[in-house]
Amino acid sequence: MKIQKFTELIVWQKSKKLISITYAASNEIKNFSFKDQLNRASLSISNNIAEGFGRRSNKEFKRFLKISLGSAFEVNSMLIVFHDIQILSDELFNDALACVEEVIRLLIGLISKIEC
């Protein structure tokens, strides 16, 4: 079965879930630039998956997945830092960290399977 829409990709679905979690987490963050960067980076993951899928080229799709992976690692880093400096609760940190780590695993797996 060939995937017809980017919304069918499990990695896109999980990245969409991550957006919900990070937006909820950002409500705990008072610093606007921290909040804004977290939200933009999490949204970038799903948007780059969708954009790459829409290019209809394995080479381009892989390139955009790598961009998504970079954004996922950025979100991962911000979550750790925000938790360390105590501007993010344990509960939201744990939920968001588990989700972003799953997205990272899925992206790495998909990138490795795409032949150019």
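Residues numbered from 1 in each chain as written. Predicted model: local features only at pLDDT ≥ 70, side-chain atom pairs only at ≥ 80, totals over all residues. Heavy atoms only, no water.

J.: Looking at this structure, how should I read the environment of Lys16?
T.: Positionally, Lys16 belongs in helix α1 (residues 10-26). A relative accessible area of 46% means that Lys16 is categorised as partly exposed. Here the alpha-carbon distance between Lys16 and Val103, two residues 87 residues apart in the chain, equals 9.9 Å. (Helix = DSSP H or I, 4+ residues; strand = E, 2+ residues; numbered from the N terminus. Buried < 20%, exposed > 50% of the residue type's maximum accessible area, 1.4 Å probe, protein only.)

J.: Even after reading the chapter, I still don't get the pattern of salt bridges, so can you show me in this structure?
T.: Any two side chains of opposite charge can pair, on the condition that their charged atoms come close. Following the criterion strictly, the structure yields 5 salt bridges and no others. As a salt-bridge pair, Arg63 and Glu60 come within 3.2 Å of each other at their nearest N and O atoms. Of this pair, Arg63 and Glu60 both sit in helix α3 (residues 58-84), 3 residues apart, which is roughly one turn of that helix. Looking at Arg63, the relative accessible area reads 40%, which means it is partly exposed. What emerges from the salt-bridge pattern is a single network uniting Glu51, Arg55, Glu60 and Arg63. (Salt bridge = Lys/Arg side-chain N within 4 Å of Asp/Glu carboxyl O.)

J.: Mind showing me how you'd approach unusual backbone geometry here?
T.: A negative phi angle is the norm for most residues apart from glycine, just as the trans form is the norm for most peptide bonds. One non-glycine residue, Arg56, lies in the positive phi region at around 60°. If you trace the backbone, Arg56 turns up in the loop between α2 (32-54) and α3. On the basis of relative accessible area, Arg56 is assigned to the exposed category, the value being 61%. In the Ramachandran plot, Gln86 falls in the positive-phi region, its phi being about 60° despite a non-glycine side chain.

J.: What's the story with the nonpolar core in this structure? I'm lost.
T.: Ile45, Ile49, Val75, Leu79, Val100 and Leu107 are the most contacted members of the largest nonpolar core, which has 33 residues in total. For this core, the secondary-structure elements that each account for two or more residues are α1, α2, α3 and α4 (90-113). The greatest single-element share of this core, amounting to 10 residues, is contributed by α4. Those residues in contact with Leu79, other than ones at most four positions away along the chain, are Leu38, Leu88, Phe93, Ala96, Leu97 and Val100. (Core = buried A, V, L, I, M, F, W, Y, C linked by side-chain atoms within 4.5 Å. Contact = heavy atoms within 4.5 Å.)

J.: Is there a simple way to think about the packing of aromatic side chains in this case?
T.: The geometry of two aromatic rings is summed up by the distance between their centres and the angle between their planes. Tallying each qualifying case throughout the model produces 3 aromatic pairs. On the numbers, 5.0 Å between centres and 25° between planes, the contact of Phe34 with Phe82 is stacked. Of this pair, Phe34 sits in helix α2 while Phe82 is found in helix α3, placing the two residues 48 residues apart along the sequence. The exposure class of Phe82 is buried, given its relative accessible area of 4%. Between Phe53 and Phe61, the ring centres sit 5.9 Å apart and the planes meet at 85°, which makes this aromatic pair edge-to-face. Phe61 matches Phe53 in its accessibility class, with the two residues each being buried. (Phe/Tyr/Trp six-rings, centres within 6.5 Å; stacked < 30°, edge-to-face > 60°.)

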